[in-house]
Amino acid sequence: QKRIFKNNYPNLKLHAFGHCVDINTEILTINGWKNYNNINITDEVYSLKNNLLVKNNIQNIIINKDYNDYIYEYDNNSISMALTDGHRVLKSNGEYELCKNILNKTRVTIPINGIRLKNDYDLSDDMIRLYVAIVADGSYNKNTNLARFKVSKLRKVEWFENLLNCLDIKKYTKNQQKDKSICFNFKLPQELINLNIKGLDRNILNFSRRQVEIFLDAYSVTDGQKIGNSILIYTSKKEESDLIQELCTINGFKSKISSRIHGFSNNPSYTIIITDKNFLSINPSKFMKKIKPENNITWCITTDIGNFIARRKGTVFITGNCHNGHGIINTGLRTINNII
């Protein structure tokens, strides 16, 4: 059940309850990315505390459906944010500063991800590689327990055959198809039986940072590539791109999702660009511009720690919930912070 405070009062230049982000901004919960229309008070979010990500309760969800003032948009290839002037921007030094106070600054460094303390998940490195290969470039028949991996590039054929040998999977067939591709067929190992094969399993979120590096490297071989210091991953499934970005964000990787209509299909394909980077330097004085929020809606959550992970236009950042640090109004929902 949601516990939401909605403000439909006239503007009055006070905006007591709506200060934060626009409706194109999502928040990362432990159940995935959510917008104002599907987030619940029972969801937990990730917050940055003592330079680590920890799970944090939502105290309140605040939706202002009559925000008649401007908000400030920062939108370029690196990051997209749309914030009200009273929003608290979290900086890399752990301090907060109101959006209106950074507008004329040429450099502000903000955190864009975090790292949890996490032990290895119970899968070997090569089993993680095999799992990625089947999900990205293979198929699986649950009735026969047969997995299939079909590739055409020689480097992928050699990589996958070596992987099967390292895992001591000797009972496999290797056949050349009419299109000159090579098809491997083999029994799915017991270790992968309980994982979702037709799409990524949310259990990958239990990977340690080290295992995530193995995961991303395997994707760069199967359904992606490395370009310089970045890894590019391709998928036709939005839920997979969202999950990969979630995995990257909670393990200290910068990521950006872009989409395009591919070929003759009207369905979009997704590219995730991933780099090992924790902070981003922005220039508010150059890139921030005033816009009207879509549908005059702004929204926010309050948390115990005072910040959360947000996403807008496929880019991720950690930001403050702006109702913390001000006077408190008792709403009967717990508390809501007043920025009057």
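Scroll up a little and you will see the structure.
Treat the numbers as computed from the prediction; the structure is a model and nothing was measured.

Direction vectors running N to C along helix α4 (residues 209-222) and helix α5 (residues 238-249) enclose 140 degrees, while the axes themselves pass 11 Å from each other. With respect to α5, the element α4 is oriented oblique. Here α4 runs over α5; the crossing is left-handed. Within the contact between the two elements, α4 uses Val212, Phe215, Leu216 and Tyr219 and α5 uses Glu240, Ile244, Leu247 and Cys248. A per-class count over the contact of α4 with α5 returns 7 nonpolar, no polar and 1 charged.

Let us look at the pattern of salt bridges. All told, the structure shown has 23 salt bridges when counted by the stated rule. Linking Glu97 and Lys91 is a salt bridge whose minimum nitrogen-to-oxygen distance equals 2.9 Å. Of the residues examined, Lys91 reaches a relative accessible area of 17% and is grouped as buried. Connected through shared salt-bridge partners, Asp22, Glu73, Asp75, Lys289, Arg312 and Lys313 make up one network.

All right, on to the sheet that holds strand β12 (residues 138-141) then. The pairing of strands in a sheet comes from backbone hydrogen bonds and takes either a parallel or an antiparallel form. Strand order in the open sheet made by the 4 strands is β12-β13-β15-β14, with antiparallel pairing throughout. Strands at the two margins of the open sheet, each flanked by one partner only, are β12 and β14 (172-176). Strand-to-strand twist of the sheet, defined as the mean angle between neighbouring strand axes without regard to direction, takes the value 15 degrees. Most of the contacts of helix α3 (residues 154-166) go to strand β15 (residues 182-187), to which it runs at about 15 degrees, and overall it touches β13 (146-151), β14 and β15.

Ranked by size, the top nonpolar core spans 59 residues in total, and within it Leu130, Phe186 and Phe215 carry the most contacts. Considering every element that reaches this core, the biggest residue donor is helix α2 (residues 125-137), with 9 residues. For Phe186, the contacting residues outside a window of four places in its chain are Leu130, Ile134, Asn145, Leu146, Ala147, Phe149, Phe160, Leu164, Ile169, Lys171 and Tyr172. Grouped together as the second largest cluster of nonpolar side chains are 33 residues, Val21, Ile39, Leu83 and Leu280 included.

Once that is clear, we can look at the pairing of β15. Alignment of β13 against β15, held across 6 bridges, turns out to be antiparallel. Its bridge partner being in β15, Lys150 is matched across the sheet by Cys183. Alignment of β14 against β15, held across 5 bridges, turns out to be antiparallel. Across the sheet, Gln176 pairs through a bridge with Ile182, a residue of β15. A loop of 5 residues connects β14 with β15, the two strands running antiparallel in sequence, and Lys180 in this loop sits at a positive phi of about 75 degrees.

Across its 14 residues, α4 extends 20 Å between first and last C-alpha, which sits within 8% of the 20 Å expected from 1.5 Å per residue. Within α4, 11 of the 14 residues are buried, which leaves it mostly tucked inside the rest of the structure. Listed in full, the buried residues belonging to α4 are Arg209, Gln211, Val212, Ile214, Phe215, Leu216, Ala218, Tyr219, Ser220, Val221 and Thr222. Looking at the packing, one finds that the buried side of α4 touches α2, α3, β16 (224-227), β17 (230-235), α5 and β19 (268-275).

For the rest of this paragraph, the subject is empty space enclosed by the protein. Under the criterion given, the structure shown has 1 cavity of 30 Å³ or more. The calculated volume of the largest cavity comes to roughly 50 Å³. Lining of the largest cavity is provided by Ser78, Ile79, Ile112, Lys254, Ser255, Lys256, Leu280, Thr315 and Val316. Listing elements by their share of the lining of the largest cavity, those giving two or more residues are β18 (254-261) and β24 (315-320). Here the lining of the largest cavity gets 3 residues from one element, more than from any other, and that element is β18. Here the residues of the lining of the largest cavity are counted per class, giving 4 nonpolar, 3 polar and 2 charged.

The next thing to look at is the packing of α2 against α3. Direction vectors running N to C along α2 and α3 enclose 135 degrees, while the axes themselves pass 10 Å from each other. Of the possible angle classes, the one that applies to α2 and α3 is oblique. As α2 packs across α3, the resulting crossing turns out to be left-handed. Listed contacts from α3 to Asp126, Arg129, Leu130, Ala133 and Asp137 of α2 are Lys156, Trp159, Phe160, Leu163, Leu164 and Cys166. Here the contact of α2 with α3 is composed, by residue class, of 7 nonpolar, no polar and 4 charged.

Turning to its location among the elements, Tyr121 is positioned in the loop between β11 (108-111) and α2. Given the relative accessible area of 24%, Tyr121 is considered partly exposed. Setting aside chain neighbours within four positions, we find Tyr121 in contact with Leu195, Asn203, Asn206, Phe207 and Gln211.

Conventions we followed
Residues numbered from 1 in each chain as written. Predicted model: local features only at pLDDT ≥ 70, side-chain atom pairs only at ≥ 80, totals over all residues. Heavy atoms only, no water. Axes fitted to C-alpha atoms, helices over the stretch in contact; angles between N-to-C directions. Helix = DSSP H or I, 4+ residues; strand = E, 2+ residues; numbered from the N terminus. Parallel < 35°, antiparallel > 145°, perpendicular 65-115°, else oblique. Left-handed = near helix turned anticlockwise from the far one by under 90°. Contact = heavy atoms within 4.5 Å. Nonpolar A, V, L, I, M, F, W, Y, C, P; charged D, E, K, R; others polar. Salt bridge = Lys/Arg side-chain N within 4 Å of Asp/Glu carboxyl O. Buried < 20%, exposed > 50% of the residue type's maximum accessible area, 1.4 Å probe, protein only. Pairing = 2+ DSSP bridges. Core = buried A, V, L, I, M, F, W, Y, C linked by side-chain atoms within 4.5 Å. Expected span 1.5 Å × (residues − 1). 1 Å grid on protein atoms, 1.4 Å probe; cavity = no way out; pocket = protein on both sides within 12 Å on 5 of 7 lines; lining within 4 Å. Points joined across faces, edges and corners; volume = space filled by probe spheres on them.

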